[in-house]
Amino acid sequence: MDRIPILKMGHFLLVTIQVDMYDRLALNLENDLINAVQAHESKGVLIDISAVSIVDSFMGRIIGNIATMSKIMDAQTVVVGMQPAVAITLVELGLPLAGVYTALNVEKGMELLQQKITEEAEFDIGEAEEDDDQPE
Amino acid sequence: MMISLNKETLKIVSEQDVVLFRQRLKEYASKIGMSLLNQTKLITASSELVRNILVYARQGEVIIEVVTDRLQTGVRVTFKDQGPGIADIPKAMQDGFSTNKSLGLGLPGAKRLVNYFDIQSTPGNGTTVTIIRWKR
């Protein structure tokens, strides 16, 4: 029962949080998501929190953890749909979620993920080309 | 002079109690017509404080009250536990201080989110935190 479903969509994982979060649920999500990134070799994680009315320091930390951990696993994380009251409250609480990509809605979040992944791929190619240019 | 209009006490023993408590608190806050932003701040602050009960004291109780001082109406929440107490309150109120590997934002963050914040603690005898968020 203590599980939030994770949907696989191509190279992405999609999570829509529709219930009130509590600590155990957030911890399970963190664990499940990181495992899913590995299992599906996902390149991006999209978390929709538009139905979440409360994000406190614990849940905020979990969101930050998920972003950091997926980064290490070579996947990008985008959090979408944060309610304005939640954003204001998070900043006043002292947790500005630095280092987490955000977008206004799922559509924009998907675009951002695509863009991030393309940028990374181009960067890799660019680096490889630079190596080729080394004088002999 | 502050008058208490409506009062309810809830036992906090598990994370499920926290979910129920947040729902009850939201009912009280929306019943007096508190703005969505202030509701979010109140519930987020309460979420931090009720977590402290579970983490440090394992159990305790919360009292939700609608209060008025003739000029304004708001919600007062009292968090009581018989846990280990806090040895150094000024230090516990600092951003980033934690004895539990957390972010250390709970107490100082909660204080920033409400209009009134009071903490009483005796080591070995437990902690009582009282907060008030006015309607506007």
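Attention in this report is confined to the structure presented alongside it. (Residues numbered from 1 in each chain as written. Chains lettered and ligands numbered in written order. Predicted model: local features only at pLDDT ≥ 70, side-chain atom pairs only at ≥ 80, totals over all residues. Heavy atoms only, no water.)

## What to know about the nonpolar core
Selection rule: The nonpolar core is taken to be a set of buried Ala, Val, Leu, Ile, Met, Phe, Trp, Tyr and Cys residues, with the residues joined through side-chain atoms within 4.5 Å. The classification of residues rests on relative accessible area computed with a 1.4 Å probe and restricted to protein chains. Under 20% of the type maximum is buried, over 50% is exposed, and intermediate values are partly exposed. By the criteria applied, helices consist of DSSP H or I runs no shorter than four residues and strands consist of E runs no shorter than two, each listed in order from the N terminus. Residues count as neighbours in contact if any of their non-hydrogen atoms are within 4.5 Å of one another.
Ranked by internal contacts, the top residues of the largest apolar core, which has 67 residues, are I17 of chain A together with F21, V75, F79, F117 and I131 of chain B. With seven residues, the top contributor of residues to this core is helix α2 (residues 36–57) of chain B. Contacts of I131 of chain B, omitting those with residues within four sequence positions, involve L42, A45, S46, L49, V75, R76, V77, F79, V114, Y116 and F117 of chain B. With nine residues, the next largest nonpolar core counts F12, A103, L112 and L113 of chain A among its residues.

## What to know about the sheet that holds strand β5 (residues 126–134) of chain B
All names here are of chain B. Counted only if it meets this: Strands are treated as partners if at least two bridges between them are detected by DSSP. An axis is simply a line fitted to the C-alpha atoms; with a helix, the fit covers only the stretch in contact. Between two such axes, the angle follows the N-to-C directions and lies from 0 to 180 degrees.
Across the sheet, five strands lie side by side as β1-β2-β3-β5-β4; this open sheet has antiparallel pairing. Looking at strand neighbours, the two that pair on one side only are β1 (3–12) and β4 (116–122), the edges of this open sheet. For this sheet, the mean inter-axis angle between neighbouring strands, taken without regard to orientation, is 15°. As paired elements, β4 and β5 share seven bridges and run antiparallel to each other. Paired with S121 across the bridge in β5 is T127. Along the sheet, α2 contacts β1, β2 (60–68), β3 (73–81), β4 and β5; its crossing angle with β3, the most-contacted strand, is approximately 10°.

## A short note on unusual backbone geometry
All names here are of chain A. Phi is positive for E41, which is not a glycine, with a value near 45°. Topologically, E41 is positioned in the loop between α1 (23–40) and β3 (44–48). Look at E41 and you get exposed, because its relative accessible area is 62%. In the Ramachandran plot, D74 falls in the positive-phi region, its phi being about 65° despite a non-glycine side chain. Relative to the elements of secondary structure, D74 occurs in the loop between α2 (57–72) and β4 (76–80).

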